[in-house]
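# An overview of the molecular structure
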Amino acid sequence: MKRIMITGALGQIGSELTTKLREIYGADNVLATDIRPASGSTGPSAVLDVTDAQKMHDLAKDFGADTLMHMAALLSATAEEKPLLAWNLNMGGLVNALETSRELGLQFFTPSSIGAFGPSTPKNNTPQDTLQRPTTMYGVNKVAGELLCDYYFERFGVDTRGVRFPGLISNVTPPGGGTTDYAVDIYYQAIEQNSYTSYIAAGTYMDMMYMPDALQAIIDLMETDADQLIHRNAFNVTAMSFDPEQIAASIRKHLPDFQLDYAVDPVRQGIADSWPDNIDVTAARDEWGFKTAYDLDAMTADMLEKLKNKLQNA
Ligand code: VAH
């Protein structure tokens, strides 16, 4: 991995992935693309609508990319609101990224999600290889994407790699359109008003991970010798599983009077209920040494400290 092009570089993962990759590989070796223009970019950037196959190909070729990290996608809640837009963007963008990688011989990464599982998937200690019958457009996109990435590896020899991310929590780019976003919003509201009204019900467990661990997982997987990999796309990765009550209890270790109440959103609750409670990460750990540094309390301490500084200086 030496010259990396990223799509969706202004998104929740893409924004921090761009920064991390530039620190490691050099700012000039990371081309950040997004449908929105970058403001104050720290390296090469370009506007790219991922449904524009020719422009994606030309940008990657002109940049001399050897790696494509395709991060542009609509998340679960937005995809349920606009299913056909989600299909066209999530699948059309992915096919264009895979075709660009095939044509130019690029190493390829794109994330799948625990959203690729459905209500008939084993909910606890969800295996790496198991039944995947998701009931959301986002989940259909993710399962189809996993299969498409496997196909491009088997049929064309493209070095495709991916992970099934859990909910990701970050303090840089406010999330949007996800089901797990309550676990980010709660920290912002804790700082701003010492209370939060959750759209996800108590007792709803979902896998989660702090963004620094997610970024490290991407880099570790991409730097692993291909001969070590038995699986390729969609390794289960997670750091923790919690419900709204548990994240509130972690916040109260810093803000003792923090109040949590509920106004459950049936759409996002329905999505959350269709996902596993906790997934098994044995394959990622055994095949490429997946590990995490943040548990819930370590994440809470860092989130509250970073957001306090960010919101006070806003
Ligand atoms: C979402 N944050 O909520 C994303 C993620 C596992 C959830 O894919 O849609």
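Refer to the structure printed above.
Before going into details, it helps to say that this report is about the structure given with it. All of these numbers come straight from a predicted model, not from anything done at the bench.

### Thoughts on the site of the ligand
Neighbouring the ligand are Leu75, Ser76, Ser113, Ile114, Tyr138, Phe165, Pro166, Gly167, Gly178, Thr179, Thr180 and Trp275. Separating an oxygen atom of the ligand from a side-chain N or O atom of Tyr138 is a distance of 2.6 Å. Across the complex, the protein chains shield 95% of the 280 Å² of accessible surface that the ligand would expose by itself.

### Things to note about the sheet that holds strand β12 (residues 235-236)
Across the sheet, which stays open at both edges, the 3 strands sit in the order β6-β8-β12 with parallel pairing between neighbours. At either margin of the open sheet sits one strand with a lone partner, and together these are β6 (112-113) and β12. Bridge count for strand β8 (residues 163-165) against β12 is 2 bridges, and the pairing is parallel. Its bridge partner being in β12, Val163 is matched across the sheet by Phe235.

### Quick look at the pattern of salt bridges
Within the structure shown, the criterion is met by 9 salt bridges. Salt-bridge contacts for Arg102 lead to Glu99; the nearest nitrogen and oxygen are separated by 2.7 Å. Taken as a pair, Arg102 and Glu99 lie in helix α4 (residues 83-104) at a separation of 3 residues, close to a single helical turn. Among the residues examined, Arg102 registers a relative accessible area of 33% and is labelled partly exposed. Judged by its relative accessible area of 22%, Glu99 is partly exposed. Here Arg268 and Asp265 are joined by a salt bridge, their closest N and O atoms 2.7 Å apart. Each member of the salt-bridge network shares a partner with another, and the members are Glu99, Arg102 and Glu103.

### Observations regarding the sheet that holds strand β1 (residues 4-7)
If you trace the 6 strands from one edge of the open sheet to the other, you get β3-β2-β1-β4-β5-β7, paired in parallel fashion. Edge positions in the sheet fall to β3 (45-47) and β7 (160-161), since each has one partner strand and no second. As judged from the 3 bridges shared by β1 and strand β2 (residues 30-34), these two strands associate in the parallel manner. Across the sheet, Ile4 pairs through a bridge with Val30, a residue of β2. In the packing of helix α2 (residues 53-63) onto the sheet, contacts are made with β1, β2, β3 and β4 (67-70), and the angle to β1 comes to roughly 155 degrees. Sheet contacts for helix α7 (residues 211-223): β4, β5 (107-109) and β7; angle to β5, the most-contacted strand, approximately 150 degrees.

Each value, and the rule that gives it
Residues numbered from 1 in each chain as written. Predicted model: local features only at pLDDT ≥ 70, side-chain atom pairs only at ≥ 80, totals over all residues. Heavy atoms only, no water. Near = heavy atom within 4 Å. Polar contact = N/O pair within 3.5 Å; in protein donor to acceptor, adjacent residues only side chain to side chain. Areas by Shrake-Rupley, 256 points an atom, 1.4 Å probe, with all protein chains shown as cover. Pairing = 2+ DSSP bridges. Helix = DSSP H or I, 4+ residues; strand = E, 2+ residues; numbered from the N terminus. Salt bridge = Lys/Arg side-chain N within 4 Å of Asp/Glu carboxyl O. Buried < 20%, exposed > 50% of the residue type's maximum accessible area, 1.4 Å probe, protein only. Contact = heavy atoms within 4.5 Å. Axes fitted to C-alpha atoms, helices over the stretch in contact; angles between N-to-C directions.

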